[in-house]
Amino acid sequence: ITIRRATIEDMLCMQNANLHNLPENYLFKYYMYHVLSWPEASFVATTTDDVGFGEFDELAAGANASRCKCDPCYVRPGEKLVGYVLAKMNDDPAAAQSQDALNGHITSLSVMRTYRRMGLAEKLMRQALFALSEVYKANFVSLHVRNSNRAALHLYRDTLEFEVLDVEKSYYLDGEDAYAMKKVLDTDE
Ligand code: ACO
């Protein structure tokens, strides 16, 4: 399995993986916006093996289940996308006045079911954190995660040492609360 920087050619498969794994989905142009604006911040995990993706998780994909193409998605012949991290810098004009302008944000992260618990999400995240710090000079990185998402919470809080800043009530469309999390980037790392 290879971890490499995401390119424009990977965008359709990233969107496909997102529809497969998460109920928070984005227009295709939002993926393009990330990769065109911060071309060094997002990463993909790909493989040339021919292992399937396992059972489709209807519950995880929620209302979007019917829109998901559950077949493996090939970024080019023989190379299948198995995970991605979509990352950006804060582009909120209101934040541009302060140090907040230099914060990175993880928009979305997911790994296809058959490829979980192999350390891929941790590797994708570490690459994104490094790029946000080194290339885009982010002072800290923020993200949101569902209160019920134990796997992601473990990854962010325990493995990657993000701190929980706040609970944002009814952050998600279905009413679930989010943990707002933050990791200060140590530029010496
Ligand atoms: N339960 C408990 N801990 C878990 C679980 C789990 N189900 N899955 C992973 N972990 C832990 C691992 O044990 C590891 O901890 P360690 O460092 O103590 O060994 C750590 O999390 C990292 O594990 P990875 O193998 O790198 O994680 P993986 O590649 O399996 O991906 C992910 C984790 C991304 C959360 C995956 O389960 C997934 O795609 N879930 C569905 C989509 C999702 O929830 N994405 C995050 C949404 S939040 C956002 O996008 C900002």
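## A look at the site of the ligand
1) Next: Surrounding the ligand, one finds 22 residues, the nearest of these being Leu 109, Val 111, Arg 117, Gly 119 and Asn 149.
2) Next: Within the contact set of the ligand, a nitrogen atom lies 2.7 Å away from a backbone nitrogen or oxygen of Leu 109.
3) Next: The separation between an oxygen atom of the ligand and a polar side-chain atom of His 154 is 3.0 Å.
4) Next: For the ligand, whose free accessible area comes to 990 Å², the fraction covered by protein is 78%.

## Observations regarding the packing of aromatic side chains
1) Next: Taken as a whole and judged by the stated rule, the model has six aromatic pairs.
2) Next: Ring pairing ties together the aromatic residues Tyr 26, Tyr 30, Tyr 31, Tyr 33 and Trp 38, which thus form one cluster.
3) Next: The ring of Tyr 172 is capped by Arg 146, whose NZ or CZ atom sits 4.3 Å from the centre of that ring.
4) Next: Here the guanidinium or amino end of Lys 182 rests over the ring plane of Phe 140, the centre of that ring lying 4.2 Å away.

## Here's the deal with the state of the cysteines
1) Next: By the definition in use, this model includes one disulfide.
2) Next: Each sulfur in the disulfide pair Cys 13 and Cys 73 lies 2.1 Å from the other. Every disulfide takes its handedness from the sign of the S-S torsion; for Cys 13 and Cys 73 that torsion is -75°, giving left-handed. Of this pair, Cys 13 sits in helix H1 (residues 11-21) while Cys 73 is found in the loop between helix H3 (58-61) and strand E3 (74-76), placing the two residues 60 residues apart along the sequence. Like Cys 73, Cys 13 is buried.

Cut-offs and rules
Residues numbered from 1 in each chain as written. Predicted model: local features only at pLDDT ≥ 70, side-chain atom pairs only at ≥ 80, totals over all residues. Heavy atoms only, no water. Near = heavy atom within 4 Å. Polar contact = N/O pair within 3.5 Å; in protein donor to acceptor, adjacent residues only side chain to side chain. Areas by Shrake-Rupley, 256 points an atom, 1.4 Å probe, with all protein chains shown as cover. Phe/Tyr/Trp six-rings, centres within 6.5 Å; stacked < 30°, edge-to-face > 60°. Lys NZ or Arg CZ within 6 Å of the ring centre and 35° of its normal. Disulfide = S-S within 2.5 Å. Helix = DSSP H or I, 4+ residues; strand = E, 2+ residues; numbered from the N terminus. Buried < 20%, exposed > 50% of the residue type's maximum accessible area, 1.4 Å probe, protein only.

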